[in-house]
Amino acid sequence: MLFMLIVKASSISEAGHLPSPELRAAMDQYNVDLEKAGVRVMAKGLHPSSNGLRLSFPEPGGEPVVTEGPFTESRELIAGFILIDVNSREEAVEWAMRMPDPQGHGEGQIELRQVF
């Protein structure tokens, strides 16, 4: 079963700041643990929304409208993701619970979603 751990953006990640050396080391160890368990499929961080754009479709069948970043509501943005392949939802939750606070400073938020 594929699950995605979606790391939500914060004011820190949207400012383009990298995590502290301690947090990077903790996340590196978490990724090593995922690899050793054979469940990690992929893990990537994303650039801040100031480097992105958004396409919206305001009219059915119409042309998309392009909006360039940055986007204002950072809590609705994604800073990165980890894709894991596990045997159950419970196992996915266990792995999610082991992830260090991905933003540090109490701003981290992770969303766990099953992939179709």
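Here, the structure is the one placed above.
All values derive from a computational prediction rather than experimental measurement. (Residues numbered from 1 in each chain as written. Predicted model: local features only at pLDDT ≥ 70, side-chain atom pairs only at ≥ 80, totals over all residues. Heavy atoms only, no water.)

> Could you give an account of unusual backbone geometry, naming the residues involved and the relevant values?
Cis geometry is adopted by the peptide bond preceding P70, which originates at G69 and carries an omega value of 10 degrees. Looking at the element boundaries, P70 is found in the loop between strand 4 (65-68) and strand 5 (78-85). (Helix = DSSP H or I, 4+ residues; strand = E, 2+ residues; numbered from the N terminus.)

> Before we move on, can you summarise the environment of F3 with the specific residues and values?
With respect to the helices and strands, F3 occurs in strand 1 (residues 2-8). By relative accessible area, F3 is classed as buried at 3%. For the pair F3 and V115, spaced 112 residues apart in the sequence, the C-alpha separation amounts to 5.4 Å. Apart from residues no more than four positions distant in its own chain, F3 is found in contact with I82, L83, I84, V86, S88, R89, A92, L112, R113, Q114 and V115. (Buried < 20%, exposed > 50% of the residue type's maximum accessible area, 1.4 Å probe, protein only. Contact = heavy atoms within 4.5 Å.)

> Account for the side chain of S49, naming residues and giving values.
Secondary-structure assignment places S49 in the loop between strand 2 (40-45) and strand 3 (53-56). With relative accessibility at 8%, the residue S49 sits in the buried group. Look past the residues within four positions of S49 in its chain and what remains in contact with it is E14, G69, P70, F71 and L77.

> I'd like a description of the pattern of salt bridges, backed by residues and values.
Tallied over the entire structure, the rule returns 4 salt bridges. R40 is paired through a salt bridge with E35; the nearest N and O atoms lie 3.2 Å apart. Exposure remark for R40: the relative accessible area of 30% places this residue in the partly exposed category. Taken together, the salt bridges that share partners define one network made up of K8, E111 and R113. (Salt bridge = Lys/Arg side-chain N within 4 Å of Asp/Glu carboxyl O.)

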